[in-house]
Amino acid sequence: MKIFKPEKMVIFANWKIYMRSRSEVKNYVSVLKDELKYFKSEVLEIHIMTDFLSFDYVNSCLSETQIKTGVQDLFWEDSGSYAGEVSPLMLKDLGCDSAYIGHSERKTYFGENDEDINKKVLACLRNGIKHFMFIGETMQELEAGQTEAVLKRQLVKGLENVSGEMLENTVIIYEPRWAIGQKNSASANTISSMHVLTRKLLSEIYSGEKANRIPVLYGGSVNLDNIREIISIKEVDGIGASRAALNPHDFVKLVRITEEEAVRRNRVGKV
Ligand code: PGA
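Q: I keep staring at the pairing of strand 8 (residues 238-241) and nothing clicks. Help me out?
A: The two faces of a sheet get side chains in turn, since along a regular strand they alternate between them. Neither face of strand 8 is exposed, since Gly238 and Gly240 on one face and Ile239 and Ala241 on the opposite face are all buried. Summarising the sheet, strand 1 (residues 9-14) and strand 8 pair through four bridges and their orientation is parallel. The partner of Ile11 across the bridge, within strand 8, is Ile239. Relative to strand 8, strand 7 (residues 216-219) runs parallel, the two being bridged by two bridges. When the sheet's bridge partners are listed, Tyr218 is paired in strand 8 with Ile239.

Q: I would appreciate a short explanation of the environment of Glu35 in the present structure.
A: Inspection of the secondary structure puts Glu35 in helix 1 (residues 22-35). A relative accessible area of 31% means that Glu35 is categorised as partly exposed. Placed 24 residues apart in sequence, Glu35 and Asn59 show a C-alpha to C-alpha distance of 17 Å. If we skip the residues at most four places from it in the chain, Glu35 touches His249, Val252 and Arg256.

Q: Even after reading the chapter, I still don't get the site of the ligand, so can you show me in this structure?
A: Close contacts around the ligand come from Asn14, Lys16, His103, Glu105, Glu175, Ile180, Gly181, Gly220, Ser221, Ala241, Ser242 and Arg243, and that covers them all. Ser242 places a main-chain nitrogen or oxygen 3.0 Å from an oxygen atom of the ligand.

Q: Please explain the sheet that holds strand 1 as it appears in this structure.
A: Sheet strands pair by backbone hydrogen bonding; their relative direction is either parallel or antiparallel. Judged by pairing direction, the barrel is parallel, and its eight strands sit side by side in the order 1-2-3-4-5-6-7-8 before closing back on the first. Going across the sheet, the axis of each strand differs from the next one's by a mean of 25 degrees, ignoring polarity. Set on the sheet, helix 2 (residues 52-61) makes contact with strand 2 (44-50) and strand 3 (68-71); between it and strand 3 the angle comes to about 165 degrees. Docked against the sheet, helix 11 (residues 248-268) engages strand 1, strand 2 and strand 8, running at close to 170 degrees with respect to strand 1.

Cut-offs and rules
Residues numbered from 1 in each chain as written. Predicted model: local features only at pLDDT ≥ 70, side-chain atom pairs only at ≥ 80, totals over all residues. Heavy atoms only, no water. Buried < 20%, exposed > 50% of the residue type's maximum accessible area, 1.4 Å probe, protein only. Helix = DSSP H or I, 4+ residues; strand = E, 2+ residues; numbered from the N terminus. Pairing = 2+ DSSP bridges. Contact = heavy atoms within 4.5 Å. Near = heavy atom within 4 Å. Polar contact = N/O pair within 3.5 Å; in protein donor to acceptor, adjacent residues only side chain to side chain. Axes fitted to C-alpha atoms, helices over the stretch in contact; angles between N-to-C directions.

In short, geometric facts, not functional conclusions.
Shown next as structure tokens:
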């Protein structure tokens, strides 16, 4: 039986709110423009997930490159009386390529739940914005043996009303919440088995072929020392990195390593 794989690997830099000034942003973007000037790939997508304030600037600076620009959240309504929110329609108008949804810190500090995440996912898809939906368990859930139930709930609820036909702009990122901001990522064994589990859960929601085409990334303390091992796990279709991607030269190195793996997979062929 032919198993369909995602067409492309994906890597994203997660700025959170670490870029404290326009001059830091300018420096970051100019390094990327310089070092990835000739980057053209059929097998890897690069996204920079900026804060809202930097988005428009970064997006226009990178418009001549293949690097995509996204944001770290958005609201679920396109317009209306929702003080302080940023709408997907406005972002789309500015040329936003992507948004990540349901990051652990949104859940912890802003009480974001599965229903909110689902509404934001649908808002992205309605506006043609690619979304990276986070799934992952806390340490407490891990220790209580609830990981599978948690991932299942997050996928089922987060993707409610997302039909198989709408999946083209869907990316899942498995990021164990206990592995964020640590010295070490989850172990290779854990990452591999959690990705196998995620695929299995996806195939319970969608038909096998559609489920297999959804890229499933890993996030949580990825760095220059561990990325090769993580990216060579065959179930891992890409990476989300925050601290290790804050230095633009380091991010370019992460990109190069991921690109090598993407090219290798493409050469080996889709099995
Ligand atoms: P980290 O953060 O790469 O610094 O561990 C990852 C994340 O919060 O998504």
